[in-house]
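Okay, here's what each chain looks like letter by letter:
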Amino acid sequence: TFNSSPSICASIINSNQDILSLADMRYQEWMADDPNPPSIQNFRLATMEMYEERCLDGAVVFLAKQRRRNDHGDNSSSNNYYNDYNDASVGAAEMSPIELKDVIVHSDNIGNEQYQQLDRVDDSSNNSGNLLRYVTDVVTSSSSRRLGVGSILMNAVEKSAWDLGTRCLLLHVEDDN
């Protein structure tokens, strides 16, 4: 039986189709109010180029997808599971490494344990654990807000950062967001 509550999962982008889905979702969300938006083709090309460039620098891009039932109408005779469902892109986030050398980090919002970890960023051993990671380009499709997409994305980002040896993520958000 089909569960009526949609399932959402986030994973690292690993195909050209995922990159195109990312581009299309970002275009829809970011260019909706632009009086002179670029063509969708140009936006897709720019997204692919930026994705490749950032991945070479160590970025990881996550895509959240929601399993949705296809509407075949009353004339559908399809009993094939893969034809009855599709995965719609509903959110994305990027995590990039930031290598800091000879930097002093101070914040009243950081606990002692976290501060001790940050205090080691100037270690020149080039260990991936000494890289801070920065979360950027977080987006949730407007039709999927308030469904936990952002939380699912951030959990995936945090797990990936932890697996890479990173113990601190940085993110900034506008006050009105």
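Coordinates for the structure precede this section.
Keep in mind the model is a prediction, meaning the values are calculated, not measured.

Asker: Whenever I open this one, the packing of helix α1 (residues 16–30) against helix α2 (residues 40–56) confuses me. Can you help?
Answerer: Two measures define how a pair of helices packs: the angle their axes make with one another and the distance between the axes. The N-to-C vectors of α1 and α2 enclose an angle of 125 degrees; their axes lie 9 Å apart at closest approach. By the angle between their directions, the pair α1 and α2 is classed as oblique. Relative to α2, the crossing made by α1 is right-handed. Two secondary-structure elements touch here, α1 through Asn16, Ile19, Leu20, Leu22, Ala23, Asp24, Arg26, Tyr27 and Trp30 and α2 through Ile40, Phe43, Arg44, Thr47, Met48, Met50 and Tyr51.

Asker: Even after reading the chapter, I still don't get unusual backbone geometry, so can you show me in this structure?
Answerer: In terms of backbone geometry, most residues other than glycine have negative phi values and most peptide bonds are trans. With a phi close to 50 degrees, Asp137 is a non-glycine residue in the positive phi region. Within the element layout of this structure, Asp137 appears in strand β4 (residues 131–140). Owing to a relative accessible area of 25%, Asp137 belongs among the partly exposed residues under this scheme. Here the phi dihedral of Arg146 falls at roughly 70 degrees; this positive angle occurs in a residue that is not glycine. Its place among the elements puts Arg146 in the loop between β4 and α5 (149–163). The class of Arg146 is exposed, set by a relative accessible area of 84%.

Asker: Would you mind going over the packing of aromatic side chains with me for this structure?
Answerer: The geometry of an aromatic ring pair is captured by two quantities: the separation of the ring centres and the angle between the planes. In the structure shown here, the tally under the stated rule is 1 aromatic pair. With 5.2 Å between their ring centres and 70 degrees between their planes, Tyr27 and Phe43 make a pair best called edge-to-face. One end of the pair, Tyr27, is in helix α1; the other, Phe43, is in helix α2, and 16 residues separate them in sequence. Here Tyr27 falls in the buried class, since its relative accessible area comes to 19%.

Asker: Got a minute to help me understand the pattern of salt bridges in this structure?
Answerer: Side chains that differ in sign of charge can pair as their charged atoms come close. This model, assessed by the stated rule, comprises 7 salt bridges. Put simply, Asp137 and Arg26 hold a salt bridge, and the shortest N to O gap is 3.9 Å. Of this pair, Asp137 sits in strand β4 while Arg26 sits in helix α1, and the two are 111 residues apart along the sequence. In this structure, Asp137 and Arg54 form a salt bridge, with 2.8 Å as the shortest nitrogen-oxygen distance. With Asp137 in strand β4 and Arg54 in helix α2, the pair connects residues that are 83 residues apart, well separated along the chain. Several salt bridges converge on common partners, so that one network encompasses Arg26, Arg54, Glu94 and Asp137.

Criteria and thresholds
Residue positions within a chain follow its written sequence, with the count starting from 1. In keeping with the model being predicted, local features are shown solely for residues with a pLDDT of at least 70 and side-chain atom pairs are shown and tallied solely at 80 or more, while totals for entire chains, interfaces and linings include all residues. Neither water nor hydrogens contribute to the side-chain values; these are computed over all heavy atoms in the structure. Axes here mean lines fitted to C-alpha atoms, for a helix over just the part in contact, with angles spanning 0 to 180 degrees between N-to-C directions. Going along the chain from the N terminus, every DSSP run of H or I of four or more residues is numbered as a helix, and every run of E of two or more is numbered as a strand. Each angle is binned into one of four classes, with values under 35 degrees roughly parallel, values over 145 roughly antiparallel, values of 65 to 115 roughly perpendicular, and all other values oblique. In this scheme the handedness of a crossing depends on how the near helix is turned from the far one: anticlockwise by less than a right angle means left-handed, clockwise means right-handed. Any two residues whose heavy atoms approach within 4.5 Å at even a single point are treated as in contact. The buried label applies to any residue whose accessible area, calculated with a 1.4 Å probe on protein chains only, is under 20% of its type's maximum; exposed applies above 50%, and partly exposed to all values in between. Pairing of aromatic rings covers Phe, Tyr and Trp, the last counted by its six-membered ring, and requires centre-to-centre distances within 6.5 Å; plane angles under 30 degrees mean stacked, over 60 mean edge-to-face, and any other angle means tilted. A side-chain nitrogen of Lys or Arg and a carboxyl oxygen of Asp or Glu constitute a salt bridge if their distance falls within 4 Å.

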